[in-house]
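Below are the chains, spelled out letter by letter.
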Amino acid sequence: MASSTRSLTSTMANESDGIFPSVCSLDCPDQCGLLVHKENGRIVRIEGDPEHPVTQGAICNKVRHMAERINDKERLRYPLKRTGPKGSGQFERISWEEAIDTITDRWKRLIEAEGPEAILPYYFYGNMGRIGTEGLGSRFFNRMGASKLALSICQAAGMEGYGYTMGGSIGTDPEETVHAKLIIMWGINAVSTNMHQVTIAEKARKNGATVVVIDVHRNRTAKWADWFIPILPGTDAALALGLMHILFAEQLTDEAFMAQHTVGREQLREHVKTYTPESVSAITGVPVDDIYKLARLYGGSESAFIRIGNGPQHHDNGGMTTRAIACLPAVTGHWLKRGGGAIKGNGGFLALNRSALERPDLRTNRWAREINMNLIGSALLELERPISSLYVYNSNPAIVAPSASKVREGLAREDLFTVVHDLFPTETAVYADIVLPATSAFENTDLYLSYWHHYVHLQQPVAAPYGESKSNTEVFRLLAAAMGYDDEALQDTDEAMIEQALNNPNNPNLAAVSLERLKAEGAVKADVKPLFPGKLRTPSGRIELYSATMERKGYPPMPTYTPLVDDGPYPFLFIPTVNHNFLNSTFSNNEKHVAMERTPKLYMNSADAAARGIGNGDAIRVWNGRGSCELTAAVGDDVLPGVVVSQGLWSDGKSGKAVVNALTPDRVADMGKGATFFSGRVQVDKR
């Protein structure tokens, strides 16, 4: 993307007609290059950029219809103030001046009466722009001294577990995986969530590769694969350890690689002897013959690659599960084979200067309390040290956070002063006191980093702000001025913050990536070297099959299978996974995407459904002690007996009957304070 004819310019937003380069802002590993079509100043079409070196013009349904989202008639145009009871949706239009004054006057009184920790920002990566998400917002709330938010709802458990093994969020260059001869998609519905890994895998398959999917549900990816292996939820670590049992027993390991690049191989060799194929089969539901077949296929492959998904980490044992899977390519030496190894995430290669971006030095109360975003429901209901104000941006906790009934009870508190900055009147905005209209990514300047491929992207505005909408950074500058915060760091421009974030002496991969180069090229590949031979950022500098660090922290030092926590007397393990046309709650309010996805379903095994008199298409109630929701039965053999799977975070609409997170636990996982969305149990009845 180095052609001067494709250079980004700051005047694009002012041009009424044309085709302009852009980048996808969604929380998706692919981070596609885009071309935005404008007519009369309005975005009318979005297509993939064929010149992008990885995504090469292919985009998903979600992005293909993005123009309808940003031009949706329900999009917020101006600030609103609540006029009725919380949750009633009764608001009136106000000016930006009144909105900022109302917010900051309330905050000043709260800080005087209760201290700054009474205020909590709640945000995540609804927009993956690093400046809009991690820049001025972090600086502003650090300067205020507000309560901290643990950003642990997504990859926290898996990344910590993977990090104990590999030293960070690093793996195979996905462009190299075209050379793999065996590709295992483990706990990832890649067709819906990482489509370009599927595109690469399809090229590899044409060159003789075999594709295996291990998952709890015969989803789109499982149907595309050469071999689908259904597994009981939360048992993936046992399967990984059972595979290692066979690999060691049948001498399918790479002893030379382990001797040079790992620590703990002899301890692991002894440790996995207890994970016999028979015992692992009883735990996982995977037949013994299939465990042998997979181990031999993996150990005997010329080059094997594992794409580790988000699914396995969203369990009580999610961190250890990811660690166990990450040990497999070390045991077999596939890291040295072209296209081999694994990817959990590759964000570590593109690490920014977080201190320069977020400015923790602005905080005077260094030991301020931290609130886990997975526990926001409990935190909002805490009476001893209450959260008295919530500022929500880039997120929609009323529908995305676990134990949704608890979350909504907290949001409904009349004494909770809530501000929501969003594009739409979301399920959370209904409970707000002040609602602020947000710009879309196409209207902002921001920096984007893939957590899968190795490219850094710059987005400059390709459209004018919609109505009176403002970006996150613009709003935080207004709030800072009204609060009387005159720190220079709170006045930095978006471009200045990009330059500060890219200047990371601790990450030589970004040395050649500059704002100027990004302006000229749009996307720049970081200078990432192969992992091996090389030194990892583990204490030993090697892959740690045995982790002394984990032992010191009270974890088992070897990868270990631990059963899920007892979640009550309900017969079904409940997995609320992704669908094809939404991304979390994004797009779930758009008529086009809802029509494509049709209806919220619950996939049940035929035997389980028959025992309850449930037929395909029946209306059903799914419930447990946390709440209930109403879905449509999809009966068949797509899930194992004792397992039920729903897809997608469906918008409330007016009924709120399909909110699956009413059922999910807000326990935290074994590592990283991560979410346990997939470790809940439910009952299912015909309505």
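Let me begin by describing the structure that accompanies this report.

**Notes on the overall build of the protein**
Okay, step 1: For the protein, the count of helices and strands is 26 helices and 27 strands.
Okay, step 2: Against the globule reference of 26 Å for 687 residues, the protein gives a C-alpha radius of gyration of 25 Å, in line with a compact fold.
Okay, step 3: Summarising its shape, the C-alpha atoms of the protein cover approximately 70 × 60 × 50 Å along the three principal directions.
Okay, step 4: Looking at the protein residue by residue over its 687 residues, the buried ones come to 63%.
Okay, step 5: Here the analysis covers contacts within the protein between residues at least 6 apart in sequence; of these, 76% occur between residues at least 24 apart.
Okay, step 6: Total accessible area on the protein stands at roughly 25,000 Å², and carbon and sulfur atoms take up 48% of it.
Okay, step 7: One way to put it: in the protein the 71 positive side-chain charges average out to a point 2 Å from where the 78 negative ones average out.

**Side note on the nonpolar core**
Okay, step 1: If you look at the biggest cluster of nonpolar residues, it comprises 141 residues, and the most contacted ones within it are Trp107, Phe140, Phe141, Trp186 and Tyr391.
Okay, step 2: Examining the composition of this core, we find that 10 residues originate from one element, helix H10 (residues 236-249), more than from any other.
Okay, step 3: By size, the runner-up hydrophobic cluster in this structure holds 43 residues, among which are Ile46, Cys60, Ile70 and Val400.

**A few points about the packing of H10 against helix H13 (residues 277-284)**
Okay, step 1: At a minimum axis separation of 9 Å, H10 and H13 run at an interaxial angle of 165°. By the angle between their directions, the pair H10 and H13 is classed as roughly antiparallel. Considering the relative orientation of H10 and H13, their crossing is left-handed. Taken together, the residues of H13 that come into contact with H10 (itself represented by Ala238, Leu239, Gly242, His245 and Ile246) are Pro277, Val280, Ile283 and Thr284.

**Looking at the sheet that holds strand S6 (residues 119-123)**
Okay, step 1: Spatially, six strands are ordered S5-S4-S17-S16-S15-S6 in an open sheet, and the strand pairing comes out mixed. A single partner strand is all that each edge strand has here, and the edge strands are strand S5 (91-93) and S6. Across this sheet, the average inter-strand angle for adjacent strands is 20°, counted without regard to direction.
Okay, step 2: By the bridge criterion, two bridges tie strand S4 (residues 80-82) to strand S17 (residues 434-437) in an arrangement that is antiparallel. In the sheet register, leucine 80 faces S17, and the bridge partner there is valine 435.
Okay, step 3: Strands in contact with helix H3 (residues 96-114) are S4, S6, strand S15 (389-393), strand S16 (417-422) and S17; relative to S17, the strand with the most contacts, it is inclined by about 135°.

**Focus: the packing of aromatic side chains**
Okay, step 1: Enumeration over the complete set of coordinates arrives at 17 aromatic pairs.
Okay, step 2: Aromatic rings pair up to connect Trp107, Tyr123, Phe140, Phe141, Tyr391, Tyr393, Phe476 and Tyr485 into one cluster.

**Brief notes about unusual backbone geometry**
Okay, step 1: Phenylalanine 532 connects to proline 533 through a cis peptide bond whose omega is -5°.
Okay, step 2: Despite not being glycine, asparagine 394 has its phi angle at roughly 55°, a positive value.
Okay, step 3: One non-glycine residue with positive phi stands out, namely serine 403, at about 50°.
Okay, step 4: Structurally, the position occupied by serine 403 is in the loop between helix H19 (397-400) and helix H20 (404-411).

**What about the pairing of strand S24 (residues 619-624)?**
Okay, step 1: Residues of S24 alternate between two faces, with Ile620, Val622 and Asn624 buried on one and Ala619, Arg621 and Trp623 left unburied on the opposite face.
Okay, step 2: Summarising the sheet, S24 and strand S25 (residues 627-636) pair through six bridges and their orientation is antiparallel. What sits directly across from asparagine 624, in S25, is glycine 627.
Okay, step 3: The hairpin formed by S24 and S25 contains two residues between the paired strands.
Okay, step 4: Bridge count between S24 and strand S27 (residues 680-686): four bridges; the pairing is antiparallel.

**A closer look at the sheet that holds strand S3 (residues 42-48)**
Okay, step 1: Read across the open sheet, the three strands follow the order S1-S2-S3; overall the sheet is antiparallel. Two strands lie at the open edges of the sheet, namely strand S1 (18-23) and S3, each paired on one side alone. Adjacent strand axes in the sheet meet at a mean angle of 30°, parallel and antiparallel pairs treated alike.
Okay, step 2: As paired elements, S1 and strand S2 (residues 33-39) share six bridges and run antiparallel to each other. Directly across from isoleucine 19, in S2, lies its bridge partner histidine 37.

**A look at the layout of surface pockets**
Okay, step 1: A volume near 830 Å³ is recorded for the second largest pocket.
Okay, step 2: Among the elements of the structure, helix H4 (130-134) and helix H6 (156-166) are those that each provide at least two residues to the lining of the second largest pocket.
Okay, step 3: Ranked by the residues each element gives to the lining of the second largest pocket, the list is headed by H6, at three residues.
Okay, step 4: Per-class residue counts for the lining of the second largest pocket are 13 nonpolar, eight polar and six charged.

The rules behind these values
- Residues numbered from 1 in each chain as written.
- Predicted model: local features only at pLDDT ≥ 70, side-chain atom pairs only at ≥ 80, totals over all residues.
- Heavy atoms only, no water.
- Helix = DSSP H or I, 4+ residues; strand = E, 2+ residues; numbered from the N terminus.
- Rg over C-alpha atoms; globule rule 2.2 N^0.38 Å.
- Buried < 20%, exposed > 50% of the residue type's maximum accessible area, 1.4 Å probe, protein only.
- Contact = heavy atoms within 4.5 Å.
- Areas by Shrake-Rupley, 256 points an atom, 1.4 Å probe, with all protein chains shown as cover.
- Lys, Arg positive; Asp, Glu negative; His and termini not counted.
- Charge placed at Lys NZ, Arg CZ, Asp CG, Glu CD.
- Core = buried A, V, L, I, M, F, W, Y, C linked by side-chain atoms within 4.5 Å.
- Axes fitted to C-alpha atoms, helices over the stretch in contact; angles between N-to-C directions.
- Parallel < 35°, antiparallel > 145°, perpendicular 65-115°, else oblique.
- Left-handed = near helix turned anticlockwise from the far one by under 90°.
- Pairing = 2+ DSSP bridges.
- Phe/Tyr/Trp six-rings, centres within 6.5 Å; stacked < 30°, edge-to-face > 60°.
- 1 Å grid on protein atoms, 1.4 Å probe; cavity = no way out; pocket = protein on both sides within 12 Å on 5 of 7 lines; lining within 4 Å.
- Points joined across faces, edges and corners; volume = space filled by probe spheres on them.
- Nonpolar A, V, L, I, M, F, W, Y, C, P; charged D, E, K, R; others polar.

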